[in-house]
Amino acid sequence: GGRGPSPPIGEGDQDSDETFNPPTYTPPEPTPLPDPDVKRTLRATAATITLGPNATSQSWVYDGQYVGPELRVSEGDIVEVALQNDLPAVTTTHWHGIPLQNAMDGVPYVTQDPVTRGSSFTYTFRAEPPGTYFYHSHVGLQLDRGLLGPLIIEEDDPHIDYDREFTVIFDDYLNQPPEPLSDDGRDGMGGMGGMMGSDVRPPYTGLLADGRLPSNPRTLDVAEGERIRFRFVNAASATEFRTRLAGHQMTVSHVDGRPVDPVPVDEFVFGPGERYDAVVELTNPGAWQLRAAAVKGDESPARLDVRYGGHDGTPQAPDWGGRRLQYHDLHARDKISVSGSPDRVYDLTLSRAGRSYTWLIDGQAYPNAEPLDIREGEHVRFRLRNHSPVTHPMHLHGHFFRVGDALMDTIRVPGHMGQVSLDFRADNPGNWLFHCHNLYHLESGMARVIRYV
Ligand code: C2O
Ligand code: CU
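Structural notes, computed from the coordinates. (Residues numbered from 1 in each chain as written. Chains lettered and ligands numbered in written order. Predicted model: local features only at pLDDT ≥ 70, side-chain atom pairs only at ≥ 80, totals over all residues. Heavy atoms only, no water.)

**Structural notes on the overall build of the protein**
Piece 1. Looking only at helices and strands, the protein has two helices and 30 strands in total.
Piece 2. Taking the contacts inside the protein whose residues are at least 6 apart along the sequence as the reference set, 77% of them involve residues at least 24 apart.
Piece 3. Entry remark: accessible area of the protein is about 16900 Å², with carbon and sulfur atoms responsible for 43%. (Helix = DSSP H or I, 4+ residues; strand = E, 2+ residues; numbered from the N terminus. Contact = heavy atoms within 4.5 Å. Areas by Shrake-Rupley, 256 points an atom, 1.4 Å probe, with all protein chains shown as cover.)

**Looking at the pairing of strand 8 (residues 148–154)**
Piece 1. With six of its seven residues buried, strand 8 lies for the most part within the structure.
Piece 2. Inspection of the sheet shows strand 3 (residues 71–74) paired to strand 8 by four bridges, in the parallel sense. Bridged to Val-73 within strand 8 is Ile-153.
Piece 3. Pairing between strand 7 (residues 131–136) and strand 8: six bridges, direction antiparallel. Bridge pairing in strand 8 links His-136 to Leu-148. (Buried < 20%, exposed > 50% of the residue type's maximum accessible area, 1.4 Å probe, protein only. Pairing = 2+ DSSP bridges.)

**Side note on the nonpolar core**
Piece 1. With 119 residues, the main nonpolar core has Trp-95, Phe-170, Phe-230, Phe-232, Phe-382 and Phe-434 as its most contacted residues.
Piece 2. It is strand 1 (residues 38–52) that provides the largest number of residues to this core, a total of six residues.
Piece 3. Formed jointly, this core draws a minimum of three residues from each of two domains, domain 1 (204–329) and domain 2 (344–452).
Piece 4. Once residues within four sequence positions are removed from consideration, Phe-382 is found in contact with Tyr-346, Leu-348, Leu-372, Val-420, Ser-421, Leu-422, Phe-424, Phe-434 and Ile-450. (Core = buried A, V, L, I, M, F, W, Y, C linked by side-chain atoms within 4.5 Å. Domains from an automatic or database assignment.)

**As for the side chain of His-136**
Piece 1. Here His-136 shows up in strand 7.
Piece 2. Here the side chain of His-136 touches His-437 through a polar contact of 3.4 Å, side chain to side chain. (Polar contact = N/O pair within 3.5 Å; in protein donor to acceptor, adjacent residues only side chain to side chain.)

**Re the coordination of the copper ion (ligand 2)**
Piece 1. Donor atoms from the polypeptide that bind the copper ion (ligand 2) are His-392 (ND1), Cys-436 (SG) and His-441 (ND1), placed at 2.0 to 2.1 Å.
Piece 2. As a motif over one chain, the donors of the copper ion (ligand 2) read H-x43-C-x4-H. Of the two residues, His-392 is situated in strand 24 (residues 392–396) and Cys-436 in strand 29 (residues 431–436); the sequence distance between them amounts to 44 residues. Pair check on accessibility: His-392 and Cys-436 agree, each one buried. (Donors = N, O, S within 2.8 Å, 3.2 Å for Na, K, Ca; no water.)

**Here's the deal with the environment of Phe-121**
Piece 1. Looking at the secondary structure, you find Phe-121 in strand 6 (residues 120–126).
Piece 2. Between the C-alpha atoms of Phe-121 and Val-81, which are 40 residues apart in sequence, the distance is 8.4 Å.
Piece 3. Those residues in contact with Phe-121 that sit more than four places away from it in its chain are Val-81, Ala-82, Leu-83, Ala-103, Gln-112 and Val-115.

**Let's talk about unusual backbone geometry**
Piece 1. Residue Val-67 is reached from Tyr-66 by a cis peptide bond, and omega for that bond is 0°.
Piece 2. Relative to the helices and strands, Val-67 resides in the loop between strand 2 (55–62) and strand 3.
Piece 3. Across the junction of Glu-128 and Pro-129, the peptide omega takes the value -10°, indicating a cis bond.
Piece 4. By the element assignment, Pro-129 lies in the loop between strand 6 and strand 7.
Piece 5. The phi dihedral of Asp-63 is positive, around 55°, even though this residue is not glycine.
Piece 6. Secondary-structure assignment places Asp-63 in the loop between strand 2 and strand 3.

Listed below in structure tokens is the structure:
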């Protein structure tokens, strides 16, 4: 079908040439897939959600609930999800981490026109590879309003032993609509990185585990001797979490859904867009808190409780410290398709434009930014250097990339000249967003399109 107009260009103090017109994009015609094994509808609506006693919030969510329903499918399933837009605004759904066909990726103006009020769009994809993923709106600040949910692709052959599993979504919480509203009901003003001009700042005020405030934690009643697999998703807009279960070590088994050689740790840190799976052996009966604290400051961390062995007293909080997972501890168990020297290298700085709240990749703010061109089959390397003082969790759509000996789709680039080199095989033609998963940075320009030419 025809493409919509290119997004409006952000007004304000972007560094780039005022006369530059952002390119328009057309995804390759998707290859038809067999009949679906799983059919679902997701309805995006406004709803009042409950976060705890006396704590409700006016939000935008899927199927009337926050967190959105868990979609759980089997490896190889053909999945068909009809997104029904009952919001007072345009929307899309993105399937974070899944290397699906470009036209199904849910990026407004890049892979599809945004879905208008009252209409629907059907996404179809093959569920592979297995792993822990999530889905979320890719329009404006809608993810921060609660349009998100977990998506689990179960593996035929897990490489770890466990008895039970729990998905745990960590998020940050707004007590007011994100400002300024890019998605306040005006069709066509879908909200794109950069179009909001300057001053998109996070007003978030609290942290949540599975949609609950720490004053209202979920309790997992488990049994001594069990091995529990946790699937942790960081769905926050602006929070890096450090995560720890009191009284236990965790053995990290998967990163961004990809299996790794198991690493026992006391705690790990993860950024917006990252997923970590970890197995815990229940050999220390008691009542324990699992906490995810903002990496800076330990004020009212997101929390859930784990208890077994007849202990029903006040759950014990963890002490921070001990062995923390590092990226270099991670060794992929999948075959890695990139090694040796790359066919194409991009050196990309991550920075903030002067005094304004505009975030840049290599000096340009999306959408007023040139695409990064690559060719199918190439081994591509991005060398990222962070010239700003804050961490940027950088996410690539449509591909897994290699950092060191691990595969992932989102990586934190530390502030103050932190450097990361990532490599991927250009094996999924189309136009793919590469962006900071801090939603406020994304909305303020920190994105580029990777274009197959
Ligand atoms: Cu969760 Cu563009 O991504
Ligand atoms: Cu960022």
